[in-house]
Amino acid sequence: MATIIDGKAISLQIKDELKERAAALKASGIEIALAVIQVGDNPASCVYVRNKKKGCEYIGIGSLSFELPEETTQEELLALIGELNERADVNGILVQLPLPAHIDEDTVIKAIDPKKDVDGFHPQSVGALCIGQPGFVSCTPAGIIQLLKRSGIEIAGKECVVLGRSNIVGKPMALLLLRENATVTIAHSKTKNLKEVTKRADILIVAVGRPKMVTKDYVKEGAVVIDVGINRDENNKMCGDVDFDDVAPVCSAITPVPGGVGPMTIAMLLNNCIESVNLQR
Ligand code: NDP
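Procedures and definitions
- Residues numbered from 1 in each chain as written.
- Predicted model: local features only at pLDDT ≥ 70, side-chain atom pairs only at ≥ 80, totals over all residues.
- Heavy atoms only, no water.
- Helix = DSSP H or I, 4+ residues; strand = E, 2+ residues; numbered from the N terminus.
- Rg over C-alpha atoms; globule rule 2.2 N^0.38 Å.
- Contact = heavy atoms within 4.5 Å.
- Lys, Arg positive; Asp, Glu negative; His and termini not counted.
- Charge placed at Lys NZ, Arg CZ, Asp CG, Glu CD.
- Salt bridge = Lys/Arg side-chain N within 4 Å of Asp/Glu carboxyl O.
- Buried < 20%, exposed > 50% of the residue type's maximum accessible area, 1.4 Å probe, protein only.
- Pairing = 2+ DSSP bridges.
- Axes fitted to C-alpha atoms, helices over the stretch in contact; angles between N-to-C directions.
- Expected span 1.5 Å × (residues − 1).
- Arc of directions from axis to C-beta.
- Polar contact = N/O pair within 3.5 Å; in protein donor to acceptor, adjacent residues only side chain to side chain.
- 1 Å grid on protein atoms, 1.4 Å probe; cavity = no way out; pocket = protein on both sides within 12 Å on 5 of 7 lines; lining within 4 Å.
- Points joined across faces, edges and corners; volume = space filled by probe spheres on them.
- Nonpolar A, V, L, I, M, F, W, Y, C, P; charged D, E, K, R; others polar.
- Near = heavy atom within 4 Å.
- Areas by Shrake-Rupley, 256 points an atom, 1.4 Å probe, with all protein chains shown as cover.
- Right-handed = clockwise from strand over helix to strand, strands pointing away.

Draft legend 1. Focus on the overall build of the protein. Each helix and strand counted, the protein has ten helices and eleven strands in total. Over its C-alpha atoms the protein spans a radius of gyration of 19 Å, differing by no more than 12% from the 19 Å that the globule rule assigns to 281 residues. By principal-axis analysis of the C-alpha atoms, the protein measures approximately 50 × 45 × 35 Å. Partitioning the intrachain contacts of the protein with sequence separation of at least 6 by distance along the chain shows that 69% fall at a separation of at least 24. Averaged over its 31 positive side-chain charges, the protein has a centre that lies 4 Å from the centre of its 36 negative ones.

As structure tokens, then:
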């Protein structure tokens, strides 16, 4: 039976380390604060924003909350980001996505000062990751690297297949695995003979947004399987992109949903808030 990679426990370990770093910074006179902007009241966004604020509280850094009405214009949002870019008491700026349809997400992401881009979505952050320069790294893929490393799973030299090529998960994931010296393949909806491709993986990362799509016929015996998906199944129960019950018996390690990748995303956001001090120096 596969080892179940416990994202909850590993994220707690990271948050406790960050708590110590935040306390040490405070003792040297450096206070850190994250500004969280939410436009509208999408119920899932409300939960994510609440958890991010709770995370700040847990590690002992400040959080400023900007809850704007749904009808906020793009100009108003850009003006607020402009103000927060200038404020010396704000280290990180996070705009909760998705935004209402009348606001262009790319324009908003580009308006955030890359030195405060704790989500790692700004083109400058992505470019820095691509060429190996310092910058913020997208939280979910950064969290997956931590899950692997802290579970003692070697990445260097491994065949890694990333299923999904989104800007926030698939692409940065592939770049991070490459940085760790893996041999990386990115697969997507136009990939031919998908199961043959995913079966090459020693480490298979799945981020497709399709409930339980990946069954054991996609997985090599003994592979490590990381499930990024957050979906609801036919009984409205949370599930991943991997059919856990089918895949767990054939792999060597697997992340559950919930309790795998999910908790790591907030831990790495908090890590980026602490790291912002170095990038802003
Ligand atoms: P996107 O919808 O942006 O991207 C999905 C990717 O999967 C695309 O590249 C798409 O290919 C590919 N894909 C879709 N269907 C298939 C298929 N049948 N075969 C092969 N490839 C396919 O999703 P995200 O990357 O934003 O999110 C993926 C999942 O991860 C979602 O469930 C999301 O909720 C979850 N998520 C979880 C996070 C966490 O903290 N745990 C954070 C972010 C996301 P193509 O490009 O060709 O269309």
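Back to the write-up after that little detour.
Draft legend 2. Fine view of the pattern of salt bridges. A complete count under the given rule lists nine salt bridges for this structure. Residue Asp202 pairs with Lys220 through a salt bridge whose shortest N-O separation is 2.7 Å. Remark: Lys220 occurs in the loop between strand S7 (203-206) and strand S8 (224-227) and Asp202 occurs in the loop between helix H8 (194-198) and S7; sequence separation between them is 18 residues. Assessed through its relative accessible area of 23%, Asp202 is described here as partly exposed. For Lys220, a relative accessible area of 30% corresponds to the partly exposed category.

Draft legend 3. Structural detail: the sheet that holds strand S11 (residues 253-254). The strand order S1-S11-S8-S7-S5-S6 describes an open sheet built from six strands, whose pairing is parallel. If you trace the sheet from one side to the other, it starts and ends with strand S1 (3-4) and strand S6 (183-187), each paired once. Judged from the two bridges that link them, S1 and S11 form a sheet pairing that is parallel. Paired with Ile4 across the bridge in S11 is Ile254. On the sheet, helix H7 (residues 170-179) packs against strand S5 (159-163), S6 and S7 and is oriented at approximately 170° with respect to S5.

Draft legend 4. Expanded view of helix H2 (residues 43-59). The terminal C-alpha atoms of H2 lie 25 Å apart, and with 17 residues this matches the ideal 24 Å at 1.5 Å per residue to within 8%. What H2 keeps buried is the set Ser45, Val49, Lys52, Gly55, Cys56 and Ile59. Viewed end-on, H2 has its buried residues packed into an arc of 115°, placing them on one side of the element. Residues of H2 that are exposed and angled more than 90 degrees away from the buried face: Pro43, Lys54 and Glu57. Those residues of H2 that are buried are in contact with helix H1 (7-27), strand S2 (33-39), strand S3 (62-68), strand S4 (92-95) and helix H10 (262-280). Structurally, the start of H2 carries an N-cap: the backbone nitrogen of Ala44 is 2.9 Å from a side-chain oxygen of Asn42. Taken from the residues just after H2, Gly60 is the one with a positive phi, measuring 85°.

Draft legend 5. Broad picture of the layout of surface pockets. Reported here for the largest pocket is a volume of approximately 1400 Å³. Every element with two or more residues in the lining of the largest pocket is listed here: H1, H2, S4, helix H6 (139-150), strand S9 (231-232) and H10. Among the elements that make up the lining of the largest pocket, the one with the highest residue count is H2 (eight residues). A breakdown of the residues in the lining of the largest pocket according to their chemical character gives 24 nonpolar, 14 polar and nine charged. By volume, the second largest pocket is sized at about 450 Å³.

Draft legend 6. Representation of the site of the ligand within the structure. Close to the ligand lie 23 residues, the nearest being Arg165, Ser166, Ser189, Arg210 and Thr265. A distance of 2.7 Å is found between an oxygen atom of the ligand and a side-chain nitrogen or oxygen belonging to Arg165. Burial of the ligand by the protein amounts to 71% of the accessible area it has alone, namely 930 Å². Looking at side-chain class alone, the shell around the ligand contains ten nonpolar, ten polar and three charged residues.

Draft legend 7. Looking closely at the pairing of S3. Relative to S3, S2 runs parallel, the two sharing seven bridges. The residue bridging Leu34 from the neighbouring strand is Ser63, located in S3. What joins S2 to S3 is H2, and the crossover it makes is right-handed.

Draft legend 8. Region of interest: the side chain of Lys15. Locating Lys15 in the fold gives a position in helix H1. Here Lys15 is buried and forms no salt bridge, its nearest opposite-charge partner Asp16 lying at an N-O distance of 7.9 Å. Beyond its immediate stretch of four places on either side in the chain, Lys15 contacts Tyr58, Ile59, Ala267 and Leu270.

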